[in-house]
Amino acid sequence: MFGMGANEIILIVVLVLILFGGKKIPELMRGLGRGVREFNDAKTNVRREIEEGMNEKERAAANSSASQS
């Protein structure tokens, strides 16, 4: 999509340091880590529920075709 070079990354780091200061960055990173972890947990739960629903539907279809025979 678009690449970021070393100059852009350094500029972003400097801006973050100026805006938040050195003491707030660990808190910011912890919050970001928690958010990513919660997102991944939610994604895993949704995937599991979808798979369980698909398995239930397949079992129901197999049971109904077996009972019709």
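Anything mentioned here points back to the structure above.
Residues numbered from 1 in each chain as written. Predicted model: local features only at pLDDT ≥ 70, side-chain atom pairs only at ≥ 80, totals over all residues. Heavy atoms only, no water.

### Quick word on the overall build of the protein chain
When helices and strands are tallied, the protein chain shows one helix and zero strands. Since a compact globule built from 69 residues should have a radius of gyration of about 11 Å, the 24 Å found for the protein chain marks it as more spread out than a globular shape. Within the protein chain, the proportion of its 69 residues that are buried is 0%. Per element, the accessible surface of the protein chain, about 6,400 Å² overall, is 62% carbon and sulfur. (Helix = DSSP H or I, 4+ residues; strand = E, 2+ residues; numbered from the N terminus. Rg over C-alpha atoms; globule rule 2.2 N^0.38 Å. Buried < 20%, exposed > 50% of the residue type's maximum accessible area, 1.4 Å probe, protein only. Areas by Shrake-Rupley, 256 points an atom, 1.4 Å probe, with all protein chains shown as cover.)

### Quick look at a nonpolar patch on the surface
Taken together, Leu-11, Leu-15, Leu-19, Phe-20, Leu-28, Met-29, Leu-32 and Val-36 make up a surface patch of nonpolar side chains, about 770 Å² in accessible area. Turning to its location among the elements, Leu-19 is positioned in helix α1 (residues 6–68). Owing to a relative accessible area of 67%, Leu-19 belongs among the exposed residues under this scheme. (Patch = residues over 30% accessible without salt bridge, like charges linked within 9 Å, V, L, I, M, F, W, Y side chains within 5 Å. Salt bridge = Lys/Arg side-chain N within 4 Å of Asp/Glu carboxyl O.)

### Some details on α1
Relative to the 93 Å expected for 63 residues at 1.5 Å per residue, α1 spans just 67 Å between its end C-alpha atoms, considerably shorter than the ideal helical length. At Gly-21, α1 shows its largest kink, close to 95°. (Expected span 1.5 Å × (residues − 1). Bend = angle between axes of the 7 residues up to and from the residue.)

### Quick word on a negative patch on the surface
Together, Glu-49, Glu-51, Glu-52 and Glu-56 make up a negatively charged patch on the protein surface. Of note, Glu-56 is situated in helix α1. (Lys, Arg positive; Asp, Glu negative; His and termini not counted. Charge placed at Lys NZ, Arg CZ, Asp CG, Glu CD.)

### Things to note about the environment of Asn-45
Among the structural elements, Asn-45 can be located in helix α1. The exposure class assigned to Asn-45 is partly exposed, which follows from its relative accessible area of 34%. A distance of 3.2 Å separates polar atoms of two side chains, one belonging to Asn-45 and the other to Arg-48. (Polar contact = N/O pair within 3.5 Å; in protein donor to acceptor, adjacent residues only side chain to side chain.)

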